[in-house]
Amino acid sequence: IKQTPSYNKNKYLYLINHPNERFITEQHKNKIRELFEPTLELQTMIDNSLSSINLIKYKYIIIHIRMNDNSFNGDYINFKNEQINYIINIINSIKKNRDEELFLISSNNVVKNYISQKLPKIKTIFKEISHIGESKLDNDDSLINTLLDFYTMSYSKHIYSFSVYEHGS
């Protein structure tokens with residue numbers, strides 16, 4: 001807290017990792033849901049994207065792999081085969097215990113390509129990858145791709161997330 005900047009002699013912290021839900025009213029929840037509703041145009045794109053690979057909302061599982069932010073589109077590759085093989089083994093055990101389709105999302109197309117070659121039945125879509133907090137998010141297509149991933153994850157039945165970051169993804 002000592003390192004947090006002061007504004008008018010006050011320190012402000014924004015913490016979202018453990019909200020005290022008993023103070024969040026249904027009215028507030030509905031307002032947030034309303035703010036996150038996709039536009040009709042975006043919803044059509046989401047529906048077309050899911051349809052193109054035969055996924056049905058809430059009937060598929062996401063495998064999400066978050067690599068270093070500096071590795072978008074394979075610009076920087078820093079993974080070891082044993083790490084990816086570990087993830088592949090977990091995906092195989094998920095497939096044994098679940099009937100749902102698997103959809104792969106990753107922040108790195110090289111990793112996504114490697115896994116989809118090893119597991120040809122896993123579904124994925126290759127597109128330019130960006131991140132909301134990243135400078136490459138400088139055009140509508142980048143933002144739309146990011147939102148498509150976000151909503152594709154939100155419409156899944158379950159998400160298995162692997163991240164190089166302690167805070168997850």
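Residues numbered from 1 in each chain as written. Predicted model: local features only at pLDDT ≥ 70, side-chain atom pairs only at ≥ 80, totals over all residues. Heavy atoms only, no water.

Caption draft 1: How the structure looks around the overall build of the protein. Regarding its fold elements, the protein presents five helices and five strands. Ordered by position from the N terminus, the helices and strands of the protein form the series β-β-α-α-β-α-β-α-α-β. For the protein, contacts bridging at least 24 residues in sequence account for 69% of all contacts bridging at least 6. Split by element, the accessible area of the protein, about 11900 Å² in all, is 52% carbon and sulfur. (Helix = DSSP H or I, 4+ residues; strand = E, 2+ residues; numbered from the N terminus. Contact = heavy atoms within 4.5 Å. Areas by Shrake-Rupley, 256 points an atom, 1.4 Å probe, with all protein chains shown as cover.)

Caption draft 2: Inspection of the nonpolar core at higher detail. Membership of the largest hydrophobic core comes to 16 residues, with the highest contact counts inside it found for Ile63, Ile65, Ile91, Ile115 and Ile122. Only strand 3 (60-66), helix 3 (81-97), strand 4 (101-106) and helix 4 (109-118) provide two or more residues apiece to this core. Here isoleucine 63 is in contact with Ile91, Ile94, Phe103, Leu104, Ile105, Ile122, Tyr160 and Phe162, once residues within four sequence places are set aside. Ranked by size, the runner-up nonpolar core spans twelve residues in total, among them Leu42, Ile46, Tyr60 and Phe103. (Core = buried A, V, L, I, M, F, W, Y, C linked by side-chain atoms within 4.5 Å. Buried < 20%, exposed > 50% of the residue type's maximum accessible area, 1.4 Å probe, protein only.)

Caption draft 3: How the structure looks around the pattern of salt bridges. Inspection of every chain in the model, using the stated rule, returns seven salt bridges. With its nearest N and O atoms 3.4 Å apart, the salt bridge here joins aspartate 47 to lysine 57. Note that aspartate 47 is positioned in helix 2 (residues 40-52) and lysine 57 in the loop between helix 2 and strand 3, a separation of ten residues in sequence. Exposure remark for aspartate 47: the relative accessible area of 34% places this residue in the partly exposed category. A salt bridge links glutamate 100 to arginine 98; the shortest N-O distance between them is 3.3 Å. Sharing partners across several salt bridges, the network here consists of Arg98, Glu100 and Lys157. (Salt bridge = Lys/Arg side-chain N within 4 Å of Asp/Glu carboxyl O.)

Caption draft 4: Region of interest: the packing of helix 2 against helix 5 (residues 140-154). Interhelical geometry of helix 2 versus helix 5 gives an angle of 65° and a closest axis separation of 10 Å. In terms of axis orientation, helix 2 runs roughly perpendicular to helix 5. Helix 5 is crossed by helix 2, and the crossing has right-handed handedness. For the pair helix 2 and helix 5, the contacting residues are Leu42, Met45, Ile46 and Leu50 in the first and Ile144, Leu147, Leu148, Tyr151 and Thr152 in the second. Across the contact of helix 2 with helix 5, the residue classes tally to eight nonpolar, one polar and no charged. (Axes fitted to C-alpha atoms, helices over the stretch in contact; angles between N-to-C directions. Parallel < 35°, antiparallel > 145°, perpendicular 65-115°, else oblique. Left-handed = near helix turned anticlockwise from the far one by under 90°. Nonpolar A, V, L, I, M, F, W, Y, C, P; charged D, E, K, R; others polar.)

Caption draft 5: Representation of the packing of aromatic side chains in the model. For the coordinates displayed, the defined rule picks out four aromatic pairs. Each ring, one from phenylalanine 36 and one from phenylalanine 150, has its centre 6.1 Å from the other, and the planes form 35°; the classification is tilted. Here the residue phenylalanine 36 occupies a position in the loop between helix 1 (26-35) and helix 2, and phenylalanine 150 occupies one in helix 5, the gap between them amounting to 114 residues. Residue class for phenylalanine 150 comes out partly exposed when judged on its relative accessible area of 38%. Between phenylalanine 150 and tyrosine 151, the ring centres sit 4.9 Å apart and the planes meet at 80°, which makes this aromatic pair edge-to-face. The structure contains a cluster of three or more aromatic residues connected by ring pairs, namely Phe36, Tyr58, Phe150, Tyr151 and Tyr155. Positioned above the aromatic ring of tyrosine 155 is the side chain of lysine 57, whose terminal nitrogen or guanidinium carbon lies 4.3 Å from the ring centre. Lying over the aromatic face of phenylalanine 126, lysine 112 brings its terminal NZ or CZ to 5.5 Å of the ring centre. (Phe/Tyr/Trp six-rings, centres within 6.5 Å; stacked < 30°, edge-to-face > 60°. Lys NZ or Arg CZ within 6 Å of the ring centre and 35° of its normal.)

Caption draft 6: Representation of the side chain of lysine 127 within the structure. With respect to the element layout, lysine 127 can be found in the loop between helix 4 and helix 5. Within the local environment of lysine 127, its side chain forms a polar contact with the side chain of aspartate 149, the two groups lying 2.7 Å apart. (Polar contact = N/O pair within 3.5 Å; in protein donor to acceptor, adjacent residues only side chain to side chain.)

So far we have only geometry, and geometry alone does not tell us how the molecule works.
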